[in-house]
Amino acid sequence: MLFSILLAAPPTLAMAGTGIRDLDTPAIKLKAPGKIVLIAITRAGNRLVAAGEHGGIVYSDDNGTSWTQAQVPVDVTMTCVAFVDAQHGWAAGHYGVILHTNDGGGTWQEQLNGLQANQLTMDAAKQAAADGDQSPGAPLAMRRAQFFLDAGPDKPFFSILATSPQDAMVFGAYRMVMRTQDGGKTWQDWSLHIDDRLSHNLYDVATDGNSIFIAAETGLTFVSTDGGTTFPETTQPTDASLFAVSPTGDGGIFVCGVAGRAALSEDGGQDWTKISVGSSSNLTSAHLLPSGILVVTAESGRVFISRDHGHSFTQLPDAPPMSVYDITQAADNDLVAVGSGGVSIIPAKFLNN
């Protein structure tokens, strides 16, 4: 299920605007906002904001008990959402769409779509050629950019790193990276800053101190220690695609992904130790709670926690009856999971047992 959600659907043509119906049509009206397929969830202050299929971005001001649909200008699957404070955030997803909100997720404005992103990729490739860029992706940059233009806006974004109301990077398929430093007024292709010659999918991003870690396809990881200017490849922890990355709270970094594969590094990605989370299902997200507990979700619906910085895990009881794709902690300390069945709440008492 997770793989089918992450893959973008072929563009559906329309008669106006971009010529692609899902980009030109607002999100469908939801009868039950908390029960659609939801792929990502986060906090905006005390508000919960989740994103999923058909442009569905929903929010809750009562810790996940009830949900309201946000105003969204596109009808595409949204795969990621991130906020820098209670008001300012970004969401992104299929067709290369990036949305922005400045009212806590109640209303969203489109800042970029895949047509524009493809042109930015071509512009960056031309500039790299003119500058004599020697980065690993530069030799194939023009060929890659032309492929993007020919294929159309069919590539999804998967994760967002938002560090201020002005600064954000959005990561996606085929090493697609877009960066803004002015709140989304302008975007630039940042893909050549990733030291990846073959353009793998970039699934998740997390920070630990001054380091930015990316978890990617085929078990690759990348780390930046210069504010995102360069992302060298680290030692490869596994050959299985990694869907999630998280700091562990003690200077370590944890990654996990396909078929329960997981690994832990305590030296910035130079060396990795294989970790057993307790599931052979795809591991879909990993998050460090303020308490220091590391939470990992699985496509099987199970949720696991580590109290020792990712070295060992236990399964929480009362697993959500659905595939779980993401999780966060509400203001009342309950865990709120999202997935194939919408929203499921896991009481905070299970974290204290």
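Just so you know, these numbers come straight off a predicted model, no measurement behind them. (Residues numbered from 1 in each chain as written. Predicted model: local features only at pLDDT ≥ 70, side-chain atom pairs only at ≥ 80, totals over all residues. Heavy atoms only, no water.)

S.K.: Would you take a moment to explain the environment of Met178 for this structure?
M.R.: Positionally, Met178 belongs in strand β11 (residues 177-180). Residues Met178 and Lys29 lie 149 residues apart in sequence; the distance between their C-alpha atoms is 29 Å. When neighbours within four sequence positions are excluded, Met178 is seen to be in contact with Ile98, Leu112, Ala117, Leu120, Thr121, Phe157, Ala168, Met169, Val170, Trp187, Gln188 and Asp189. (Helix = DSSP H or I, 4+ residues; strand = E, 2+ residues; numbered from the N terminus. Contact = heavy atoms within 4.5 Å.)

S.K.: Help me understand the sheet that holds strand β10 (residues 168-172), please; the structure alone is not making it clear to me.
M.R.: In a beta sheet, neighbouring strands are held together by backbone hydrogen bonds and run either parallel or antiparallel to one another. Judged by pairing direction, the sheet is antiparallel, and its 4 strands sit side by side in the order β9-β10-β11-β12 without closing on themselves. Both edges of this open sheet fall to β9 (157-162) and β12 (188-189), since each of them pairs with a single strand only. Where β10 and β11 come together, 4 bridges link them in antiparallel fashion. By the bridge assignment, Ala168 is partnered in β11 with Thr180. (Pairing = 2+ DSSP bridges.)

S.K.: Help me understand the sheet that holds strand β24 (residues 324-329), please; the structure alone is not making it clear to me.
M.R.: The 3 strands lie next to each other as β24-β25-β26, forming an open sheet whose pairing is antiparallel. Looking at which strands have only one partner, the edges of the open sheet turn out to be β24 and β26 (342-346). Put simply, the sheet's adjacent strands are angled 25 degrees from each other on average, direction ignored. The pairing of β24 with strand β25 (residues 335-339) spans 5 bridges and is antiparallel. Note that in β25 the partner of Thr328 across the bridge is Val336. (Axes fitted to C-alpha atoms, helices over the stretch in contact; angles between N-to-C directions.)

S.K.: I'm lost on unusual backbone geometry in this one. Help?
M.R.: Excluding glycine, most residues fall at negative phi; most peptide bonds, likewise, are trans. The backbone of Thr218 shows a phi angle near 55 degrees, a positive value even though the residue is not glycine. Examined against the element boundaries, Thr218 turns out to sit in the loop between β14 (211-216) and β15 (221-224).

S.K.: Please clarify how the nonpolar core should be interpreted in this entry.
M.R.: For soluble globular proteins, nonpolar side chains are generally found buried alongside one another. Core analysis: the largest hydrophobic core is formed by 21 residues, its most contacted members being Val49, Ile57, Val72, Met78, Val97, Leu99 and Trp108. Sorting the residues of this core by element identifies β1 (38-44), β2 (47-52), β3 (57-60) and β5 (78-83) as the ones contributing at least two each. When residues in this core are grouped by element, the largest group, 3 residues, is from β5. Within the second largest apolar cluster, 15 residues are counted, among which are Ala82, Trp90, Ile98 and Leu112. (Core = buried A, V, L, I, M, F, W, Y, C linked by side-chain atoms within 4.5 Å. Buried < 20%, exposed > 50% of the residue type's maximum accessible area, 1.4 Å probe, protein only.)

S.K.: What is the right way to look at helix α4 (residues 141-151) in this model?
M.R.: Given 3.6 residues per turn, any residue in an α-helix points the same way as the ones three and four places further on. Buried within α4 we find Ala141, Arg144, Ala145 and Phe148. Angularly, the buried residues of α4 cover 100 degrees about the axis, an arc narrow enough to put them on a single face. Exposed positions of α4 whose direction lies more than 90 degrees from the buried face are Arg143 and Asp150. Note on α4: the residue one or two positions beyond its end, Gly152, has a positive phi of about 90 degrees. (Arc of directions from axis to C-beta.)

S.K.: Please clarify how the packing of aromatic side chains should be interpreted in this entry.
M.R.: The way to describe two aromatic rings as a pair is by their centre distance and the angle between their planes. In the structure shown here, the tally under the stated rule is 7 aromatic pairs. Between Phe83 and Trp108, the ring centres sit 6.0 Å apart and the planes meet at 80 degrees, which makes this aromatic pair edge-to-face. Note that Phe83 is positioned in strand β5 and Trp108 in the loop between β7 (98-101) and β8 (109-112), a separation of 25 residues in sequence. Each member of the pair, Phe83 together with Trp108, is buried. Note on Tyr203 and Phe243: the rings are 5.0 Å apart at their centroids and 85 degrees apart in plane angle, and the pair reads as edge-to-face. Taken together, the residues Tyr203 in strand β13 (residues 202-208) and Phe243 in strand β16 (residues 242-247) connect sequence positions 40 residues apart. Both residues of the pair, Tyr203 and Phe243, count as buried. By way of ring pairs, the aromatic residues Phe147, Phe148 and Tyr174 are connected into one cluster. A cation over an aromatic ring shows up here: Lys155 above the ring of Phe148, its NZ or CZ 4.6 Å from the ring centre. (Phe/Tyr/Trp six-rings, centres within 6.5 Å; stacked < 30°, edge-to-face > 60°. Lys NZ or Arg CZ within 6 Å of the ring centre and 35° of its normal.)

S.K.: Help me out: how do you make sense of the side chain of Ser224 in this one?
M.R.: With respect to the helices, strands and loops of the structure, Ser224 is situated in strand β15. For Ser224, a relative accessible area of 0% translates into the label buried. A polar contact of 2.8 Å, which involves the side chain of Ser224, links it to the backbone nitrogen of Gly228. Within the structure, Ser224 has its side chain in polar contact with the backbone oxygen of Thr230 (distance 2.9 Å). Residue contacts for Ser224: discarding those within four places in its chain leaves Asn210, Ser211, Ile212, Thr229, Thr230 and Phe231. (Polar contact = N/O pair within 3.5 Å; in protein donor to acceptor, adjacent residues only side chain to side chain.)

S.K.: Sorry, what's going on with helix α3 (residues 114-131) here?
M.R.: Across its 18 residues, α3 extends 25 Å between first and last C-alpha, which sits within 8% of the 26 Å expected from 1.5 Å per residue. Within the span of α3, buried status applies to Gly114, Ala117, Asn118, Thr121, Met122, Ala124, Ala125 and Ala128. Viewed along the axis of α3, the buried residues span an arc of 160 degrees, placing them on a single side of the element. Residues of α3 that are exposed and point more than 90 degrees away from the buried face comprise Ala130 and Asp131. For α3, the secondary structure elements touched by its buried residues are β8, α4, β11 and β12. Between a side-chain oxygen at the N-terminus of α3 and the backbone nitrogen of Leu115 the separation is 3.0 Å; the capping residue is Asn113. (Expected span 1.5 Å × (residues − 1).)

Purely spatial values, then, with no claim about function.
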